[in-house]
2 protein chains.
Amino acid sequence: MKQAKISEAVVRRLPIYLQVLNELHSREIQTVSSQELGVKLDLNPAQIRKDLAYFGEFGRKGIGYDVMYLIEKIRQILKVNQTIKVALVGAGNLGHALCNYNKYSKDNMKITAVFDDHPDKIGTRINNLVVQPMSELEREVKEQNIRIGIITVPAHEAQNVANQFVAVGIEGILNFAPAILRVPEEVRIQNADFTRELLSLAYYLNHEGEETSDESVMD
Amino acid sequence: MKQAKISEAVVRRLPIYLQVLNELHSREIQTVSSQELGVKLDLNPAQIRKDLAYFGEFGRKGIGYDVMYLIEKIRQILKVNQTIKVALVGAGNLGHALCNYNKYSKDNMKITAVFDDHPDKIGTRINNLVVQPMSELEREVKEQNIRIGIITVPAHEAQNVANQFVAVGIEGILNFAPAILRVPEEVRIQNADFTRELLSLAYYLNHEGEETSDESVMD
DNA sequence: TAGATTGTTAATCGATTAACAATC
DNA sequence: TAGATTGTTAATCGATTAACAATC
């Protein structure tokens, strides 16, 4: 099984597979077929088999996939079999929420450093982390070997934070601010701006079932 | 311009267009070409033109698009030219964060009702909203004509909340819980589980630049 | 008129799905 | 052996991009 170029669509499905598999595992289900996964996730079973086959032969013909084994394999693929440390900038409500979320995660991703340049935030605690000024970013990133950063500052500060992330060598950024960020192409940006999601939901509210219609948006 | 079936990919780009356009508008830029938008968004200009052309002829040959006019048109398409009211269930940290976010939004999407069944949450205030028990959900949804719901409860409660949303006629759900929800197919689900995003970021950390490699994940 | 840029058709590219031999 | 299900190739489908006539 040679590692071909894996499409983004495939990579985005892997965490979803991991999620159902974790659920199955917690229900002590030991084996699952692509068929069953497909039903659960509304995906074509062939697609699931193909996605997994990019990375190796994880199943058994006539049987299906061993749940725990497949979890391990996907963790390896996503490189979350060891704990991944994450830095977060912006100790507001959202930053707080993500840090908490964090505590319950069994995904081996941990926010291990929090930054904010607001004087009234610096030195406060979120769980067992002390909020630090941005001047400490570089040191922490180097010391802890942090490679992923989360942005939860207001939109107008987001690009600035992104620049600092890039400057200290962060390789992947999860951006919650409603802003379009420019970063060098070797740095990966994932946008998690929830207003975008809400807006596309709004579209379907009114257009659902209109597929066969020929109405248009006119003045 | 007939309304063909619009692909999800197109719908997901519309809010992004709206975002850049809002930014351009705030910088008092009046006209923009698909070329310029393409540079800003890392998209092919032809794609942008095609996306917009599904809904009408909004540009002027030789000139480009009028920023304000295009904003209006996209708002119409997304049906956010009038304010859209949203219900939120789960008054924890994340729920709080989203309600605040809310205040700054110029997107005409407003969280106008917050629910939580925890006794110590009921009756507390988030901004100017009082947290209500779930028993009030139906009444509020009917009274305010709410059609979109946000789920910010823990994973194990998420399906239950989704069921209640469906029962009271909610048409679109934005789910922040790390759970796979089953709803009737006429109800739209958008997942905003940030651990998924983090996991796919993690993939690229270690595989970036491996496109041409032939390494594989072996035992 | 010359230059720019749209809307749209045709060409290309890539992703999803169907089908099936291999095999548990 | 019969039934189930994988991994994978081939067929299909859909989305992106290129190209260009129309026109500002």
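Here the structure is a predicted model, which means the values were calculated and not measured. (Residues numbered from 1 in each chain as written. Chains lettered and ligands numbered in written order. Predicted model: local features only at pLDDT ≥ 70, side-chain atom pairs only at ≥ 80, totals over all residues. Heavy atoms only, no water.)

## What to know about the overall build of chain A
Per the secondary structure count, chain A includes eight helices and 10 strands. Seen through its C-alpha atoms, chain A measures out along the principal axes to roughly 60 × 55 × 35 Å. In chain A, the proportion of contacts linking residues at least 24 apart, taken out of those at least 6 apart, comes to 55%. Per element, the accessible surface of chain A, about 10500 Å² overall, is 49% carbon and sulfur. With 25 positive and 29 negative side-chain charges, chain A shows a spacing of 10 Å between the two charge centroids. (Helix = DSSP H or I, 4+ residues; strand = E, 2+ residues; numbered from the N terminus. Contact = heavy atoms within 4.5 Å. Areas by Shrake-Rupley, 256 points an atom, 1.4 Å probe, with all protein chains shown as cover. Lys, Arg positive; Asp, Glu negative; His and termini not counted. Charge placed at Lys NZ, Arg CZ, Asp CG, Glu CD.)

## A word on the protein's contact with DNA strand D
Taken together, 26 residues surround DNA strand D, and among them S34, R49, G59 and Y65 of chain A together with Q47 of chain B come closest. Across the atoms of DNA strand D situated within 4 Å of the protein, the share located in sugar and phosphate is 64%. A distance of 3.0 Å is found between a phosphate oxygen of DNA strand D and a backbone nitrogen or oxygen belonging to F58 of chain A. Within the backbone of K61 of chain B, an N or O atom sits 3.1 Å from a sugar or linking oxygen of DNA strand D. For the surface near DNA strand D, the secondary-structure elements that each account for two or more residues are α3 (45–53), β2 (59–60) and β3 (64–66) of chain A together with α1 (8–26) and α3 (45–53) of chain B. For the surface near DNA strand D, the element with the highest residue contribution is α3 of chain B, accounting for four residues. (Near = heavy atom within 4 Å. Polar contact = N/O pair within 3.5 Å; in protein donor to acceptor, adjacent residues only side chain to side chain.)

## Points about the domain arrangement of chain A
Residue and element names in this part refer to chain A. As assigned here, chain A comprises domain 1 (8–77) and domain 2 (84–197). Each partner contributes to the interface: domain 1 provides five residues, whereas domain 2 provides four residues. Buried area between domain 1 and domain 2, summed over both chains or domains, comes out near 320 Å², and the portion from carbon and sulfur atoms is 28%. Broken down residue by residue, the surface that domain 1 buries against domain 2 is led by E8, N22 and R75, which jointly contribute 74%. On inspection of domain 1 and its partner domain 2, the count reaches one salt bridge. On the surface where domain 1 and domain 2 come into contact, there are one residue pair in polar contact (both at pLDDT 80 or more). Per-element accounting of the side of domain 1 that touches domain 2 gives the leading share, four residues, to helix α1 (residues 8–26). Counted by class, the side of domain 1 that touches domain 2 contains one nonpolar, one polar and three charged residues. (Domains from an automatic or database assignment. Buried area = accessible area lost by both parts, 1.4 Å probe. Salt bridge = Lys/Arg side-chain N within 4 Å of Asp/Glu carboxyl O. Nonpolar A, V, L, I, M, F, W, Y, C, P; charged D, E, K, R; others polar.)

## Regarding the protein's contact with DNA strand C
Taken together, the neighbourhood of DNA strand C is formed by 25 residues, with Q47 of chain A together with S34, R49, G59 and Y65 of chain B sitting nearest. Among the atoms of DNA strand C lying within 4 Å of the protein, the sugar-phosphate backbone contributes 63%. At 2.8 Å, a side-chain N or O of R49 of chain B approaches a base oxygen of DNA strand C. Contact distances for DNA strand C include 2.5 Å between a phosphate oxygen and a side-chain N or O atom of Y65 of chain B. Only α1 and α3 of chain A together with α3, β2 (59–60) and β3 (64–66) of chain B provide two or more residues apiece to the surface near DNA strand C. The dominant element in the surface near DNA strand C, judged by the number of residues it contributes, is α3 of chain A, at four residues. Looking at the surface near DNA strand C residue by residue, the class counts come to six nonpolar, nine polar and 10 charged.

## What about the environment of Q82 of chain A?
By the secondary structure assignment, Q82 of chain A is in the loop between α4 (67–78) and β4 (84–89). As for Q82 of chain A and M109 of chain A, which are separated by 27 residues in sequence, their C-alpha atoms are 8.8 Å apart.

## Notes on the sheet that holds β2 of chain B
If you trace the three strands from one edge of the open sheet to the other, you get β1-β3-β2 (chain B), paired in antiparallel fashion. The sheet is open, and its two edges are formed by β1 (31–32) and β2 of chain B, each paired on a single side. (Pairing = 2+ DSSP bridges.)

## Comments concerning the UniProt feature "binding site: NAD(+)" (unreviewed entry) in chain A
Residues and elements named next belong to chain A. Taking the UniProt record as the reference, the feature "binding site: NAD(+)" (unreviewed entry) is found at G90, A91, G92, N93, L94 and G95. The residue G90 is located in the loop between β4 and α5 (93–104) in this model. In this structure G90 comes out as buried when scored by relative accessible area, which is 3%. Each residue touching G90, except ones within four places of it in the same chain, is listed here: G95, F115, D116, T152 and V153. By secondary structure assignment, the location of A91 is in the loop between β4 and α5. (UniProt positions renumbered as here; feature names shortened; annotations may be inferred. Buried < 20%, exposed > 50% of the residue type's maximum accessible area, 1.4 Å probe, protein only.)

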